[in-house]
Amino acid sequence: MFSIVIPSWNNLPHLKLCVESLQRHSAHAHEIIVHLNDGSDGSLAWVQANGIKYTQSGKNVGVCLAVNHAVAQAKHEWVLFMNDDMVAAPGWDTAFMEAIASVDTDLALFFGTLVQPEDGGNEIIIKRDFGRTPETFDEAAFLQGCFDDPRGDREGAASQPTLFHKKWWTMVGGYSLEFSPGMSSDDDLLMKFWVAGCRNFRMVGASRFYHFGMASTGRITHNQGGRMFVMKWGITQLEFYRYYLPSLRRPDGGNTPDNPHNFARPTWLGKLRRVRYALRYNYPLDGIEAWDPAAGSTTFSDGD
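This write-up is about the structure you can find in this document. (Residues numbered from 1 in each chain as written. Predicted model: local features only at pLDDT ≥ 70, side-chain atom pairs only at ≥ 80, totals over all residues. Heavy atoms only, no water.)

### Let's talk about the overall build of the protein chain
The helix and strand tally for the protein chain stands at eleven helices and eleven strands. Taking 304 residues into account, the globule formula puts the C-alpha radius of gyration at 19 Å, and the protein chain, at 19 Å, falls close to it. The buried share of the protein chain, taken over its 304 residues, is 53%. Summed over its atoms, the accessible surface of the protein chain is roughly 13,300 Å², and 53% of this surface lies on carbon and sulfur atoms. (Helix = DSSP H or I, 4+ residues; strand = E, 2+ residues; numbered from the N terminus. Rg over C-alpha atoms; globule rule 2.2 N^0.38 Å. Buried < 20%, exposed > 50% of the residue type's maximum accessible area, 1.4 Å probe, protein only. Areas by Shrake-Rupley, 256 points an atom, 1.4 Å probe, with all protein chains shown as cover.)

The structure is reproduced here in structure tokens:
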């Protein structure tokens, strides 16, 4: 079984749909942990009334701290992180379990397949409009049509839902706080797993989730995650996605001596951008202060 971590920032209608879909469409009784960023919209009362395990911060601390806090409470070895504006389809968990069983290591990252009203030009997203808000969501149509697209598994990486082993999450340090409130924290996590030796990145075709999109991120000041990534790693996010992850699909790919991208190395583009951003800006502190001038001045608690 899995521990499922869901950060939520005063987003009760989405949170209800998310949790209820997991309860209805899971083959196993997984642990659900909601992290409430504030929760004053009724979310706190709802999780308490429904006996849902939760953690809470006194204000919105961003996805990095929120997820790290909730993962620390997880009781199962495999942990799924998903957003509160996602709805699980039947079979999502059995597909993940089959993916885990197909590899001989727990150093792996697995990703669900998203169904969205808009794909933003991203080929890994299935474009189907089953509603853009909880009020307009057509659950019956989603359940009937979510598997019309026949795609299967694919080597590579996506964003949430993300399934990982808690041991490796702890070893690489989880989400890095310099990416608060969260933009590009996913890409940074991928890079940390890559450096730790992970060569199992897989999008699981039969594990499907409907995603309304930007239910929380559209309400916050974004950090300059792409700039932080290149300053930290010396390569751009595009270079990581263009050269490193695709190398896993080549005959000489994976964790082999012949893979030219087996170890990450800075590029000239990355070096130039590092210098430019370092001289002109004060990252990451500028980005953190822009969205939370009083970062750190809050409380954290573990619910029941």
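### Some words on the state of the cysteines
Following the criterion strictly, the structure yields zero disulfides and no others. Left without a disulfide partner, Cys-146 is nearest to the cysteine sulfur of Cys-18, which lies 15 Å away. By relative accessible area, Cys-146 is classed as buried at 2%. Unpaired in terms of disulfides, Cys-198 finds its nearest cysteine sulfur in Cys-64, a separation of 19 Å. The class for Cys-198 is buried, based on a relative accessible area of 0%. (Disulfide = S-S within 2.5 Å.)

### Digging into the pairing of strand β10 (residues 201-211)
Of all eleven residues in β10, ten are buried, a share of seventy percent or more. Examined bridge by bridge, strand β5 (residues 86-88) and β10 share three bridges and lie antiparallel to one another. Note that in β10 the partner of Ala-88 across the bridge is Phe-209. Direction of pairing for strand β8 (residues 154-155) relative to β10: antiparallel, over a ladder of two bridges. Looking across to β10, one finds that Arg-154 is bridged to Met-203. (Pairing = 2+ DSSP bridges.)

### Let's talk about helix α7 (residues 185-195)
Here α7 lies mainly inside the structure; nine of its eleven residues are buried. Among the residues of α7, those classed as buried are Ser-185, Asp-187, Asp-188, Leu-189, Leu-190, Met-191, Lys-192, Phe-193 and Trp-194. Looking at the residues trailing α7, positive phi occurs at Gly-197, about 110 degrees.

### Digging into the packing of aromatic side chains
Scanning the model with the defined rule gives 21 aromatic pairs in all. Between Trp-194 and Phe-240, the ring centres sit 5.8 Å apart and the planes meet at 85 degrees, which makes this aromatic pair edge-to-face. Taken together, the residues Trp-194 in helix α7 and Phe-240 in helix α9 (residues 237-244) connect sequence positions 46 residues apart. Phe-240 carries the same exposure label as Trp-194, and that label is buried. Taken together, the ring pairs in this structure connect Phe-130, Phe-137, Phe-142, Tyr-210 and Phe-212 into an aromatic cluster. The ring centre of Trp-194 lies 3.9 Å from the NZ or CZ of Arg-199, which sits over that ring. (Phe/Tyr/Trp six-rings, centres within 6.5 Å; stacked < 30°, edge-to-face > 60°. Lys NZ or Arg CZ within 6 Å of the ring centre and 35° of its normal.)

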